[in-house]
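Structure assessment
So you can see what is in the structure, the chains are spelled out below.
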Amino acid sequence: MAARPAKRLKLPPESVDLRGEDDYLPGNIMEIVIHNFMTYDHLVCKPGSRLNLVIGPNGSGKSSLVCAVALGLAGEPQLLGRASSIGAFVKRGEESGYIKISLRGFTLEDSIVIIRKIDTNNKSEWVLNGSAVPKRNVVEVIQKFNIQVNNLTQFLPQDRVCEFARLTPVQLLEETEKAVGDPQLPVQHHTLIDARKELKELEMSVSRNQDTLNQLKALNMQQEKDVERVRQRAKLLSKVETMKKKLPWLKYDMKKVLYKNAQTQEAEAKKKLGEAAKMMNELKKPIEEHKVKKAAEESVFKKMNEQINKNANKRMDVIEMESRMGTKAQAKYQEIEDLKRQETSRQHRITKAKEDFAAAQKELADLPEYFPPKEELEKLGYQILELEMNANQIKLQRTDKGHILDQKKLSLMRCMNRLKEMNNESTKLLQALKSSGVDKIFEAYNWLQENRHVLKKEVYGPVLLEVKVSNGIHATYLENHVPNYIWKSFVTQDPSDRDLLVQNLKQYDVPVLNYVGGRGVNESQFQLTREMSELGICSRLDQVFTAPHAVKDVLISQAGLDHSYIGNNETDKRADEVSRLRISDLWTPESHYRWSISRYGGHVSAIVEPVHPSRLFMQSVDVSDMDNLRSQKISFETDIIGIEEKLKILQAEQRQLEDEAAKLHRHREEIIHTVNLEKKKRRELENRVDQRRRKLESLSKEEDIESNAKKLADETSQIQGKRFGLANEIKDLLVEAITLRLSLAEKQMTCIELDAKVRGMEVNVKQHEKFAIQAAAHHDNCKEETEGRRQELVNAKKLAESIAIITPDLAKEFHDMPGTLEELEAAIQDGISEANSILFLNQNILQEYEIRQQKIQNIAIKLEADEEALQRCVSKISTVRDQWLPTLQNLVGKINETFSRNFEEMAVAGEVCLDEHGVDYDKYGILIKVKFRQTGQLQVLSGHHQSGGERSVSTILYLVALQDITNCPFRVVDEINQGMDPINERKMFQQLVRAASQENTPQCFLLTPKLLPDLEYSEACSILNIMNGPWIEKSSEVWRGGECWRKVMGLA
């Protein structure tokens, strides 16, 4: 809890500014509320409008208040120098918290409330005046008040105090421009820097382009005569090319003449073909008339032939029907004879049936009655059911035991696999990598094994699995020397393999290195000199392990193993002598030595580090885990043996019960079989008696033979009558058939006469048809020839057009050329000979000349544009410099005036000056020069010339000097008075009080763990006392409202 205590009036205020009634300026912090933030559960702080002294012991939470101001006003965690994520500022043990900051608006009634809610998931929510908004809205509000929490001249937290002292003059100038003076100063400064860079580039470009332009023009002047000869030759060749263009058009004209001739021949052949066709039509007309007449006669002939066939078919049907009637009559006569024989046989069968019926009745009556043993069958059923139920229970027990046995065997297999994995070297190394933080190394390794078939070349990895070290101490050296990321890396030998692994192993967070041979890796053998042996040096790190060539080269190139040597305890004792051998890296059992030579002074510096034990190569499996697994394995094996013995016993019992049940089943089946045999025997006898009775009744019911014979005689008489009617119908059909045959012969003779006439006419037509076919063939040949000529003409035209399209200009040129093919070809040959007589050495001289000419034009244009841009840039620099430099000089002068005056009161002398560098605006800076001794000279403030307290005094006085010219609403300085002696601290405090009392001075927060006694205060001072701890809960309740000391004590 921070409260604003009583203001002790010791000094009268020096001036009264034009503030409002609440004494706050726009952008001042009026209230700070934090909840679950760093060390605080809850805090309400109401700072004063001028100088706020935040005091409290170390660790009470003063800097936490500074962090809240920075983060609440859209600052990033990195600028505080404490943590890189916002979630780290939530109080330990809590999930979320918030920061609430109230800013004074531009009017008394205008209050701006900014709330930032944070949680351990590094999420932030922003609330502006009660409404949720994005961060950019808050940033816009803060920028209106020129609040810059990232500017060390405005906001100097405890963890960044040292950074202010390390600011270079250039950086100090940038921070000062942002914090005070004209807001356009930093913009103008950056404009000058950028314009100066642009000016340098333009000057270089103009000079370079001018030189290039002169060189190109000189070269073209030297080659103008050669170019003229080249152009003359090109003109001759161009004329030859034009004549070559006329060649296909001459050939086209020749093809056109041939095509016209072919068209004339085709027209004559077509005329002859028409005359032949007309003659054929006149000859074919009477033939068609005779054919129509013949077709009519043939139609009548066909109908008569059909009537004859129909008569014959009907006649055959009637004859067949008469034949069937005769067969039926014979059958009836035969049946009458059979009836007579059957009567005699029936009487004999009736007598035999009566005898068989009496014998069957006697056999059924003599059969004894059989009673089945029901009680014995029921007893057997109960016994079988009981045995089967017992067997089923044992079977269920066997099933349960079998499930338990399978589970035990599965657990045993897992246990054995786990033991096998623990005993496997590769698994140990992978487990070591996983324990070191590579959580998904097993997944990455398994992916590589499953996808090796898609790789073009061999891929190694992880590197730890590929390296074999026989000596445990050497393994420790190697592991400590090689960066950790290499051990978990995969090594490829092909770029496509590398891209594939990077794409698929990215999710497992393992690096991929691509090995390219021939990179100059030192492969020379280790040479042990006498001096090395005397000092105990025995080997080099690249000689103590084996690995595939690609992996070894990667390790040597990445970790410099060929420059690291191995020694013993003797080397450790004489380590100072090792640097004479130009060895820069040495490993001994106790220490790791590294020597480096300064580039400036040439002196040698050494770094000695202890040798850390191996965590990867010497990774061992937990013995207790292996013992537990072995004991589990023995327990599983014992349980399995016991279960298998019980299963054997249960199987024997089940088999015994099943054998007994089967025996009872067989006995019951025998009884049932006997009962079924007796029943079957009785049923068979009863069926036999019933069958013989039905047979006897059937024989007795048969009809009398005489009535049947009479009936058959009547049917035979009717059949004979029908046969007589069919014979008369056959006679009528025969008469009709003879009449039709005579008419058919007459019609056939008529058709023969017509056919002879048609054949005679067709012979005459065929003779004329031969002439017509010849005319048609001649016409087709002429047509094909015409089409061929036409196609040749089209192809010739396409060829000619592909070479040249005739334009009016080209036609005029063609007119002046020879008109025949032979003359044109001779002219072409003459032109080529004349062109070849013109010789020159460089075949590409014209092309080079024209390319240079084009370059000359382009460079001239570019040169002109650059010169114009150069003039504009010079003018721009002059204009901006005239605005920026006087303003800056005036600003630095004001700062120097205040700084020098305040510094004289606290020390000896000090000044602030502008470090100018002519036109190199990026080198401009502010120099703070101080001296704390009368005999000394002014020295630039740095960590080399002044003590920590002297730098603190200089820093706070520079900040005070900015007070009266600043345009920021508040400034924060954290523990700047630490390291000062009491005299300087008291003087510094008086300077702060005086500056805070001036008109329109910004709000200031000074954080310190203590204040000197008897300090002089004014109404501009407010003291915020941080009360934090486990025993102040009741006291904090009194101060929760932020009241002053007098009101709390009841004095007000």
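Nothing here was measured: the structure is a model prediction, and the numbers come from that model. (Residues numbered from 1 in each chain as written. Predicted model: local features only at pLDDT ≥ 70, side-chain atom pairs only at ≥ 80, totals over all residues. Heavy atoms only, no water.)

Now for the overall build of the protein chain. Looking only at helices and strands, one finds 25 helices and 24 strands in the protein chain. Burial analysis of the protein chain (1052 residues in total) assigns 38% to the buried set. Summed over all atoms, the accessible surface of the protein chain reaches about 62,100 Å², with 51% contributed by carbon and sulfur. (Helix = DSSP H or I, 4+ residues; strand = E, 2+ residues; numbered from the N terminus. Buried < 20%, exposed > 50% of the residue type's maximum accessible area, 1.4 Å probe, protein only. Areas by Shrake-Rupley, 256 points an atom, 1.4 Å probe, with all protein chains shown as cover.)

Right, let's get into the pairing of strand S22 (residues 970-974). On a regular strand, each side chain points to the face opposite its neighbour's, so the side chains alternate between the two faces of the sheet. The element S22 is largely enclosed, with a buried count of 5 among its 5 residues. Along S22, one buried face is formed by Phe970, Val972 and Asp974 and the opposite face, lined by Arg971 and Val973, is buried too. Note that S22 and strand S23 (residues 1003-1008) share 5 bridges and pair parallel. Opposite Arg971, over in S23, you have Cys1004 as the bridge partner. (Pairing = 2+ DSSP bridges.)

Moving on: the packing of aromatic side chains. Per the stated rule, a full pass over the model turns up 8 aromatic pairs. Measuring from centroid to centroid gives 5.6 Å for Tyr477 and Trp587, while their planes differ by 25 degrees, and the two rings are stacked. You can see Tyr477 sitting in helix H11 (residues 472-481) and its partner Trp587 sitting in strand S16 (residues 585-587), a full 110 residues away along the chain. Overall, Tyr477 belongs to the buried group, its relative accessible area being 2%. Aromatic ring contacts, followed pair by pair, group Trp884, Tyr921 and Tyr924 into a single cluster. Taking NZ or CZ as reference, Lys552 lies 5.1 Å from the ring centre of Phe545, over its face. (Phe/Tyr/Trp six-rings, centres within 6.5 Å; stacked < 30°, edge-to-face > 60°. Lys NZ or Arg CZ within 6 Å of the ring centre and 35° of its normal.)

An α-helical turn contains 3.6 residues, so a residue and the one three or four places further along point in the same direction. In terms of residue burial, helix H1 (residues 62-72) counts as a mostly covered element, since 11 of its 11 residues are buried. Within the sequence span of H1, burial applies to Lys62, Ser63, Ser64, Leu65, Val66, Cys67, Ala68, Val69, Ala70, Leu71 and Gly72. Among the residues trailing H1, Ala74 stands out with phi positive, at a value near 70 degrees.

Turning next to the sheet that holds S16. Here 5 strands make up an open sheet; going across it, the order is S13-S15-S16-S17-S18 and the pairing mixed. Each edge of the open sheet carries a strand with a single partner, namely strand S13 (539-540) and strand S18 (604-610). The sheet contact formed by S16 and strand S17 (residues 591-597) spans 3 bridges and is antiparallel. Counted as the bridge partner of Trp587 is His592 from S17. Its contacts with the sheet put H11 on strand S15 (564-566), S16 and S17, and the angle it makes with S16 is roughly 140 degrees. (Contact = heavy atoms within 4.5 Å. Axes fitted to C-alpha atoms, helices over the stretch in contact; angles between N-to-C directions.)

Further remarks concern the environment of Leu555. Relative to the helices and strands, Leu555 is located in helix H15 (residues 549-559). Judged by its relative accessible area of 0%, Leu555 falls in the buried class. In sequence terms Leu555 and Val482 are 73 residues apart; their C-alpha atoms lie 7.5 Å from each other. Here Leu555 is in contact with Val463, Val467, Val482, Ile486, Phe545, Gly560 and Leu561, once residues within four sequence places are set aside.

Among the nonpolar cores identified, the biggest contains 54 residues, and Trp884, Phe899, Val912, Ile928, Ile956 and Tyr958 are the most heavily contacted of them. In terms of residue count, helix H21 (residues 845-906) provides more of this core than any other element does, 13 residues in total. Beyond its immediate stretch of four places on either side in the chain, Trp884 contacts Glu177, Leu185, Gln188, His189, Leu192, Tyr921 and Tyr924. Counting residues in hydrophobic clusters, the runner-up holds 46 residues, among them Ala432, Val459, Val491 and Val544. (Core = buried A, V, L, I, M, F, W, Y, C linked by side-chain atoms within 4.5 Å.)

Here we take up empty space enclosed by the protein. The tally for this structure, following the rule as stated, stands at 3 cavities of 30 Å³ or more. Taken as a whole, the largest cavity spans an internal volume of roughly 60 Å³. Considering the residues around the largest cavity, the lining is formed by Ile29, Ile32, Val54, Lys62, Leu65, Val66, Val69, Phe970, Val972, Phe1005 and Leu1007. Sorting the residues of the lining of the largest cavity by element identifies strand S2 (29-37), H1, S22 and S23 as the ones contributing at least two each. Residue contributions to the lining of the largest cavity peak at 4 residues, all from H1. Of the residues in the lining of the largest cavity, the class split is 10 nonpolar, no polar and 1 charged. (1 Å grid on protein atoms, 1.4 Å probe; cavity = no way out; pocket = protein on both sides within 12 Å on 5 of 7 lines; lining within 4 Å. Points joined across faces, edges and corners; volume = space filled by probe spheres on them. Nonpolar A, V, L, I, M, F, W, Y, C, P; charged D, E, K, R; others polar.)

Strand order in the open sheet formed by 6 strands is S3-S2-S5-S6-S7-S8, and the pairing between neighbours is antiparallel. Edge positions in the open sheet fall to strand S3 (40-45) and strand S8 (131-133), since each of these has one partner strand only. Across the sheet, the mean angle separating the axes of adjacent strands is 20 degrees when strand polarity is ignored. Two strands pair when backbone bridges link them, and strand S5 (residues 96-104) and strand S6 (residues 111-119) are joined in this way by 9 bridges, in the antiparallel orientation. The residue of S6 that forms the bridge with Ser102 is Val113.

On to the confidence of the model for the protein chain, then. On average, residues of the protein chain score 77 in pLDDT, and 82% of them reach the 70 mark or higher. The weakest mean pLDDT in the protein chain belongs to strand S1 (residues 2-3) at 44; the strongest belongs to strand S11 (residues 490-492) at 93. Taken as a whole, residues 1-18 scores under 50 in pLDDT and shows 67 contacts with residues more than four places along the chain or in a different chain. (pLDDT = per-residue confidence, 0-100.)

As for its position among the elements, Lys395 is in helix H7 (residues 374-423). With 256 residues separating them along the chain, Lys395 and Gln651 place their C-alpha atoms 8.0 Å apart.

Right, let's talk about a positive patch on the surface for a bit. Together, Lys374, Lys679, Lys680 and Arg683 make up a region of like positive charge exposed at the surface. It is helix H17 (residues 623-700) that provides the largest number of residues to the positive patch, a total of 3 residues. Turning to its location among the elements, Lys679 is positioned in helix H17. Lys679 sits in the partly exposed class, given a relative accessible area of 46%. (Patch = residues over 30% accessible without salt bridge, like charges linked within 9 Å, V, L, I, M, F, W, Y side chains within 5 Å. Salt bridge = Lys/Arg side-chain N within 4 Å of Asp/Glu carboxyl O. Lys, Arg positive; Asp, Glu negative; His and termini not counted. Charge placed at Lys NZ, Arg CZ, Asp CG, Glu CD.)

Right, let's talk about the pairing of S23 for a bit. Counting buried positions over the 6 residues of S23 gives 6, a clear majority of the element. By the alternation rule, side chains of S23 split into Gln1003, Phe1005 and Leu1007 and Cys1004, Leu1006 and Thr1008, which are all buried. Strand direction decides the pairing type here: strand S4 (residues 51-55) and S23, joined by 5 bridges, are parallel. Among the inter-strand pairings, Leu51 is bridged to a residue of S23, identified as Cys1004.

To continue, consider unusual backbone geometry. The amide bond that connects Gly461 to the next residue, Pro462, takes the cis arrangement and shows omega of -10 degrees. With respect to the element layout, Pro462 can be found in the loop between helix H9 (441-450) and helix H10 (463-466). For Ala74, which is not glycine, the phi torsion reads 70 degrees and is therefore positive. Mapping Ala74 onto the fold places it in the loop between H1 and S5.

Looking now at the pattern of salt bridges. Charged atoms that come close allow side chains of opposite charge to pair. Inspection of every chain in the model, using the stated rule, returns 18 salt bridges. Between Lys200 and Asp920 there is a salt bridge whose closest N-O contact spans 3.9 Å. A residue pair is termed long-range when its members are at least 10 positions apart, and Lys200 in helix H5 (residues 184-222) and Asp920 in the loop between strand S19 (909-915) and strand S20 (925-931) qualify at 720 residues. A salt bridge links Arg540 to Asp542; the nearest nitrogen and oxygen atoms lie 2.7 Å apart. Take Arg540 and Asp542: they sit in the same class, and that class is buried. A network of salt bridges, in which partner residues are shared, links Glu570, Arg574, Glu577 and Arg580.

Along the chain, Asp119 falls in strand S6. Summary of buried charges: Asp119 has no salt-bridge partner, and the nearest side chain of opposite charge, Lys123, is 5.9 Å away. There is a polar contact of 3.0 Å between the side chain of Asp119 and the backbone nitrogen of Lys123. Contact partners of Asp119, with chain neighbours within four places excluded, come to Gly87, Val90, Glu95 and Ser96. (Polar contact = N/O pair within 3.5 Å; in protein donor to acceptor, adjacent residues only side chain to side chain.)

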